[in-house]
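Take a look at the letters that make up each chain.
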Amino acid sequence: MSKVKITRSLLLTALLVVSVLAMACPRLVVEEPPAEEKIGVIVSILPLADFVENIGGERVAVTVMVPPGADPHTFAPTPGQLLEVSKAKIFIKVGAGLKFEMVWMDKIIEQNREMLVVDSSHGIELMEMVAHDHHEEQEHKDEQHHEGKDHEEEHHDHYGMDPHIWFSPRNVMMMVQNIRDGLIKIDPEQADFYIENTERYLQELDALDRYIRERLDGFLNRYFLVYHPAFGYFARDYNLTQLAIEHEGKEPTPKVIMDVIDLAAEYNLSYVFVSPQYPVRHAEVIARAINGQTALMDELPRYFILSMRSMTDSLAREMME
Ligand SMILES: [Zn+2]
């Protein structure tokens, strides 16, 4: 049989299979709308883009405001981005007091009052931003004055609510349900499609939560050192203590760097976790001083589950040492 004939019959078979599938379970095959008919969704940060694509699939076209490498606390949108907003149907924000949104949301909404704004933090219990106040801690240690939990509580400095809600798979489960409800509001005919995708993604998040719990189970030394304190919810969920170099958004002074080196040595840490949005030079100085190394823990992962798994593996390596 000639090559042409073989290709033709293969094509015919494939078409046959698709049409049988379409008839058997019409929901499985959702027509991919042409680009101009896709739902224009704007999100503040990269992880939200991943959540929206997991729920909206090929029905959504997602634009991210804070680009890769930019700091979500200080970023300012460009005029081109504000123009983009005027065409969107829905804006998904983190909520939870993320500074970029606090500063710019009113201006963004002004561009498009028809647009549905979804606060993905709706229903999530926020926690205070906790930073381990190293230098005071050090002075206290010198005075040999250790009194268990009260001592710990004493040296945590609280400054406002922690906006990094996406670093808890349990929080993300609520964020994706808020996103699902928003998509259904503007595209009710496809409600089943969004509900099914959400169910599937919730199971993946549940599996992630189990993976992290099991992978970090049993380690005694549950401290980890980061440059920017974005992992408070992660530390809460998995019973860890986040030590941070940056404090209240300020770069560390030489004194703070010395204190952090002492703490890292005391807790026998060998990794300093850095994020591409922030300077790495201080972290590198500290890593060298403790004969350790810097490792990546991205504050704004584009592929959430993948990134959380590799972050967990890095932490397990740290705690094993
Ligand atoms: Zn942050």
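Residues numbered from 1 in each chain as written. Predicted model: local features only at pLDDT ≥ 70, side-chain atom pairs only at ≥ 80, totals over all residues. Heavy atoms only, no water.

1. A short note on the overall build of the chain
- Helix and strand counts for the chain stand at twelve helices and ten strands.
- Within the chain, contacts between residues separated by at least 24 positions form 71% of all contacts whose residues are at least 6 apart in sequence. (Helix = DSSP H or I, 4+ residues; strand = E, 2+ residues; numbered from the N terminus. Contact = heavy atoms within 4.5 Å.)

2. A look at the packing of aromatic side chains
- For the structure shown, the criterion picks out ten aromatic pairs.
- Relative to Tyr201, the ring of Phe51 has its centre 6.2 Å away and its plane inclined at 50°; by these criteria the two rings are tilted. Taken together, the positions of Phe51 in helix H2 (residues 46–56) and Tyr201 in helix H8 (residues 191–215) put the pair 150 residues apart, joining distant regions of the chain. Neither residue differs from the other here; Phe51 and Tyr201 are each classed as buried.
- An angle of 55° between the planes, with centres 4.6 Å apart, marks the rings of Phe167 and Phe231 as tilted. (Phe/Tyr/Trp six-rings, centres within 6.5 Å; stacked < 30°, edge-to-face > 60°. Buried < 20%, exposed > 50% of the residue type's maximum accessible area, 1.4 Å probe, protein only.)

3. What about the sheet that holds strand E3 (residues 90–93)?
- Ordered in space as E2-E1-E3-E4, the four strands form an open sheet in which the pairing is parallel. The open sheet has two edge strands, strand E2 (60–64) and strand E4 (116–119), and neither has a second partner. Pairs of neighbouring strands in the sheet enclose a mean axial angle of 25°, with direction left out of account. (Pairing = 2+ DSSP bridges. Axes fitted to C-alpha atoms, helices over the stretch in contact; angles between N-to-C directions.)

4. Considerations on the nonpolar core
- Counting residues in each nonpolar core, the largest one holds 72 residues, and the members touching the most others are Trp166 and Phe234.
- There are two domains that each give this core at least three residues, and those are domain 1 (35–209) and domain 2 (218–320). (Core = buried A, V, L, I, M, F, W, Y, C linked by side-chain atoms within 4.5 Å. Domains from an automatic or database assignment.)

5. A word on the sheet that holds strand E7 (residues 223–226)
- The four strands are arranged E8-E7-E9-E10 in an open sheet whose pairing can be described as parallel. Of all the strands in the sheet, the pair left with one neighbour each is strand E8 (241–244) and strand E10 (293–296). Sheet twist, expressed as the average angle between the axes of neighbouring strands with direction ignored, equals 40°.
- Here four bridges tie E7 to E8, and the two strands are oriented parallel to one another. Bridge pairing in E8 links Tyr223 to Thr241.
- Strand contacts of helix H12 (residues 304–320): E7 and strand E9 (271–274), with the helix running at about 160° to E9, the strand carrying the most contacts.

6. Some details on the pairing of E9
- Side chains Tyr271 and Phe273 project from E9 onto one buried face, and the interleaved Val272 and Val274 project onto a second face that is buried too.
- With two bridges joining them, E7 and E9 adopt parallel strand pairing. The partner of Val226 across the bridge, within E9, is Phe273.
- With helix H11 (residues 281–289) bridging E9 and the parallel E10, this β-α-β connection has right-handed handedness. (Right-handed = clockwise from strand over helix to strand, strands pointing away.)

7. Some remarks on the pattern of salt bridges
- In the structure shown here, the tally under the stated rule is 13 salt bridges.
- Salt-bridge contacts for Arg200 lead to Glu204; the nearest nitrogen and oxygen are separated by 2.9 Å. Residue Arg200 and its partner Glu204 are located together in helix H8, separated by four residues, close to a single helical turn.
- Between Arg210 and Asp206 there is a salt bridge, and its shortest N-O distance comes to 3.1 Å. Taken together, the residues Arg210 and Asp206, both in helix H8 and four residues apart, mark about one turn of the helix.
- What makes Asp206 partly exposed here is its relative accessible area of 35%.
- Each of Arg170, Arg236 and Asp237 takes part in one network of salt bridges that share partners. (Salt bridge = Lys/Arg side-chain N within 4 Å of Asp/Glu carboxyl O.)

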